[in-house]
Amino acid sequence: MYTVRKYNHDKDFEAARRLWHEAQWIADSSDKKILEAFLREGRALVADLNGNAECLVTANPGKIKYLNEELSLSVVTSVNTSRIARKQGLAKNLTAQLIAEEAEAGANVSTLGIFEQGFYDQLGYGSGSYEHWMSFDPADITIDNKIRPPIRLRRDDWKQIHHALQSRNTRHGGVTLFPEGLVEAELAWMTKGFGLGYVHGSKDELTHFFWGTSQGEHGPLVIKILAFQTTEQFIELMALIKSLGDQIRLVKMREPPGIQLQDFIRNPFRSRIVTEKSKFEYINRASAYLQTRICNLEACIEATHLNSRPLRFNLDLSDPLEKLIDGEMTWRGCAGEFTVQLGPTSKATDGFDKALPTLVADIGTFTRLWLGVKPASGLLATGTMHGPKKLIHDLDEVLCLPNPHPDWDY
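Reading the values: rules and limits
- Residues numbered from 1 in each chain as written.
- Predicted model: local features only at pLDDT ≥ 70, side-chain atom pairs only at ≥ 80, totals over all residues.
- Heavy atoms only, no water.
- Core = buried A, V, L, I, M, F, W, Y, C linked by side-chain atoms within 4.5 Å.
- Buried < 20%, exposed > 50% of the residue type's maximum accessible area, 1.4 Å probe, protein only.
- Helix = DSSP H or I, 4+ residues; strand = E, 2+ residues; numbered from the N terminus.
- Contact = heavy atoms within 4.5 Å.
- Salt bridge = Lys/Arg side-chain N within 4 Å of Asp/Glu carboxyl O.
- Pairing = 2+ DSSP bridges.
- Axes fitted to C-alpha atoms, helices over the stretch in contact; angles between N-to-C directions.

Peer 1: Which residues make up the nonpolar core, and what values go with them?
Peer 2: Formed by 102 residues in total, the largest nonpolar core has its most connected members in Phe209, Leu359, Phe366, Trp370 and Leu395. A per-element tally of this core places helix H3 (residues 90-104) first, with 8 residues. Not counting chain neighbours up to four residues away, the residues in contact with Phe209 comprise Leu153, Ile161, Ala164, Leu165, Leu196, Gly197, Ile225, Leu226, Ala227 and Leu237. Counting 26 residues, the second-largest nonpolar core is a separate cluster that includes Leu221, Ile223, Leu226 and Met238.

Peer 1: Please set out the pattern of salt bridges residue by residue, giving values where relevant.
Peer 2: Enumeration according to the criterion identifies 20 salt bridges in this entry. Linking Asp407 and Arg168 is a salt bridge whose minimum nitrogen-to-oxygen distance equals 3.3 Å. Of this pair, Asp407 sits in the segment after helix H11 (389-398) while Arg168 sits in the loop between helix H4 (158-167) and strand E9 (175-177); the two residues are 239 residues apart in sequence, bridging distant segments of the chain. Classification of Asp407 as buried rests on a relative accessible area of 16%. Asp407 is paired through a salt bridge with Arg254; the nearest N and O atoms lie 3.7 Å apart. In this pair, Asp407 is assigned in the segment after H11 and Arg254 in strand E13 (residues 251-254), connecting sequence segments 153 residues apart. The exposure class assigned to Arg254 is buried, which follows from its relative accessible area of 11%. One continuous salt-bridge network, built from bridges that share partners, spans Lys6, Arg43, Glu101 and Glu102.

Peer 1: Now, about the sheet that holds strand E16 (residues 311-318): what can you tell me, with residues and values included?
Peer 2: Taken in spatial order, the 5 strands line up as E18-E17-E16-E19-E20 in an open sheet, and their pairing is mixed. The open sheet has two free edges, formed respectively by strand E18 (347-350) and strand E20 (385-386), since each of these has just one partner strand. Two strands pair when backbone bridges link them, and E16 and strand E17 (residues 336-342) are joined in this way by 7 bridges, in the antiparallel orientation. Of the residues in E17, the one forming a bridge with Phe313 is Val340. Set on the sheet, helix H9 (residues 363-371) makes contact with E16, strand E19 (358-362) and E20; between it and E19 the angle comes to about 110°. Across the sheet, H11 lies against E16, E17, E19 and E20, angled at about 105° from E16, the strand it touches most.

Right under this line is the structure:
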């Protein structure tokens, strides 16, 4: 039998380091200070098994952009179980408890990165949009702008980088994490990492930059972070990346929200054929490796301001967390019967209106619908949502949203 309690840094740090080492997330000793930076902020819970901490989950605060609104966000930044405690239900139940505590503390939405699809569905998460990672020769970027000399960024510049990430341009679904320690740790974990960017103003504020890791003299260069405030700054960064093309033969980067990278690459199809199966292969890969769930239905619906006609319906919502949370918690998940109004002004209230059609969904699927990951008609195929044909058609028409992208891996 295991017990759940809050993480105590003085008591539990060595156990946490052992857990991360067993998972091969850190080296034996060199990453001690980095892990301390990661764990010193946010909320963390451990599960004790036979008197030892054998499972650790962490969450950190942030915000998520929904159209022109911002909602409080909890990001589950790590879930780790030791080698001797697998398949005991520790990770699932500890994460459920953490989500509940974050929701009670005011988080309207929760999100995380997944190791495989399916596990976190048990906690009410739904898959996000595909993230596109494109590989190309930087010399083939079609931008011909003359570049300014950039500044060199090092790991010690993590405070500047954190500030630039907070100030970057975000679109629908964009995620921003607040703790500085997360950026400090992430930069340190990226071996052979470096950054280039540009500053502005009398205080030399970092406005746009990229941070990447290179696997050799000629790459591939993997750009892990790209941040900018304006389209002009994005163009300048792309011109800067192109300038590396006299040495680097391949760049891999995630497509920024609202931008189609293929528009900036010369002969992408020809190059893909020529480089097929080589170390420097042109390729565009898509994967949905981030998941999200609503924690406060009323707040999320209230923040939904649509340029559409009003639509009212009943929502019969189920939530698997209802059966996993400690009985002493006030927050019990999002399950219930609601009347929902969507439109320029939106709201969710308790109870059904018998005159309205009813949508039946689990919280993960409804979150995907609310975010705009897929339309209602597409989500019917999952078998986790159903409703009258006309209601589904109306939802497709009213919830016509931009594709959501967090633009921050976690």
